[in-house]
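A look at the structure
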Amino acid sequence: MKEKIAKIKETSIKEIEECKNQKELNDLKVKYLGKKGELTLLLRGMGALTPEERPIIGSLVNKVRDEINNLVEEKEVKFKKEELQRKLETENIDITEPSKKINLGSLHPITQVIQEVEETFLGMGYEIADGPEVEKAIYNFDKLNTPPDHPARDIQDTFYITDNIILRSQTSSVQARVMEEKKPPIKIICPGAVYRSDSVDATHSPVFHQIEGLVIDKNISMTDLKGTLEMFAKKCLGENTKIRFRPHHFPFTEPSAEADVSCFVCGGKGCKVCKGEGWIELLGCGMVHPNVLKNCGIDPEEYSGFAFGFGVERIAMAKFGIEDMRLLFENDVRFLKQF
Ligand code: DAH
């Protein structure tokens, strides 16, 4: 019996040492330590031994089993290390290899202008307001002192969903919504798309973008309006930009004005961008008409305010030297990449 055990020990050590991979090692594990393994069979045959021999042989078998077990474990660790080493050598990543180029694109010029204007006004304590593009005519016109028979409705002819629901022709509609919802003080700007039934040409599009501004508080005057617009023009168009007001008419403001800025390309001398004028028409503005305040639930005896609105495309075109508005909507990547 003892010789048998010694023989098993000797051959198992040799076989384990010589074994070359995990698969072979697994087979050896089964062969020596498994349920039907050689050592287990030996233990089963212990019944034939004398009671004195049994504990001696039993502990001998256990000792050998432990030794084999240890050898197998050592070998397993060795195989794992080798496997890892092999992986590290063959699966390493070449960090010097040039990566695939991802085309990130750039922000659309319209988006750029909107973001820049938003930042400027956020810095002056304004909030950004939003309103629906599919709008009730009442917000787009009636509440803004433009009743159904008013000629200003013809100038801003738009797309009708029903008699009372339209695609908004101006972001001024958001003024009425905000005034109805909030109590003064109100300080908002609202950028967004607007619609008019215009044919497409170099300076017209049935869809374009506006940014509306509205301030309502006690004692707001025309000087606040002018100071605000001057600040905005200097921030967005350059420190040396000057601003001038020309009298105008809008139904929702009284008095109303159109504001021009000194040409930010030639500085006022006259060039292609300002068409030799030295000035570029920037926006419409004025003091909010008392009727508008009343229509929106604000007491004109207590509060006053100013409003302004301008087209984003016009600014983007002047700023980036774009001569045809259609380019802004065709979205040809070769064009957009330039900004
Ligand atoms: N909504 C006007 C337009 O589309 C622009 C405008 C003029 C907005 C005067 C205003 C304003 O808020 O006070 O032509």
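All values derive from a computational prediction rather than experimental measurement.

1. Regarding the packing of aromatic side chains
Counted under the stated rule, the structure contains 9 aromatic pairs. With a centroid separation of 5.2 Å and an interplanar angle of 40°, the aromatic rings of Phe 121 and Phe 232 are classed as tilted. With Phe 121 in helix H5 (residues 109–123) and Phe 232 in helix H9 (residues 222–237), the pair connects residues that are 111 residues apart, well separated along the chain. The class of Phe 121 is buried, set by a relative accessible area of 0%. According to the relative accessible area criterion, Phe 232 is buried, its value standing at 2%. One aromatic cluster in this structure is built from Phe 121, Tyr 126, Phe 232, Phe 306, Phe 308 and Phe 310. Between Arg 177 and the ring centre of Tyr 139, over which it is positioned, the NZ or CZ distance is 4.2 Å. Geometry around Phe 245 places Lys 226 over its ring, the cationic atom sitting 5.6 Å from the centre.

2. Describing the sheet that holds strand E1 (residues 127–128)
Judged by pairing direction, the sheet is mixed, and its 7 strands sit side by side in the order E1-E4-E5-E9-E8-E7-E6 without closing on themselves. One side of each edge strand has no neighbouring strand; the edge strands of this open sheet are E1 and strand E6 (243–250). Two strands pair when backbone bridges link them, and strand E5 (residues 207–217) and strand E9 (residues 304–311) are joined in this way by 8 bridges, in the antiparallel orientation. For Glu 212, the partnering residue across the bridge sits in E9 and is Gly 309. Along the sheet, helix H8 (residues 172–181) contacts strand E4 (186–195), E5 and E9; its crossing angle with E5, the most-contacted strand, is approximately 35°. Strands in contact with H9 are E6, strand E7 (253–262), strand E8 (279–288) and E9; relative to E8, the strand with the most contacts, it is inclined by about 145°.

3. Regarding the domain arrangement of the chain
Under the domain assignment used here, the chain contains domain 1 (2–90) and domain 2 (109–336). Here the C-alpha centroids of domain 1 and domain 2 sit 88 Å apart.

Reading the values: rules and limits
- Residues numbered from 1 in each chain as written.
- Predicted model: local features only at pLDDT ≥ 70, side-chain atom pairs only at ≥ 80, totals over all residues.
- Heavy atoms only, no water.
- Phe/Tyr/Trp six-rings, centres within 6.5 Å; stacked < 30°, edge-to-face > 60°.
- Helix = DSSP H or I, 4+ residues; strand = E, 2+ residues; numbered from the N terminus.
- Buried < 20%, exposed > 50% of the residue type's maximum accessible area, 1.4 Å probe, protein only.
- Lys NZ or Arg CZ within 6 Å of the ring centre and 35° of its normal.
- Pairing = 2+ DSSP bridges.
- Contact = heavy atoms within 4.5 Å.
- Axes fitted to C-alpha atoms, helices over the stretch in contact; angles between N-to-C directions.
- Domains from an automatic or database assignment.

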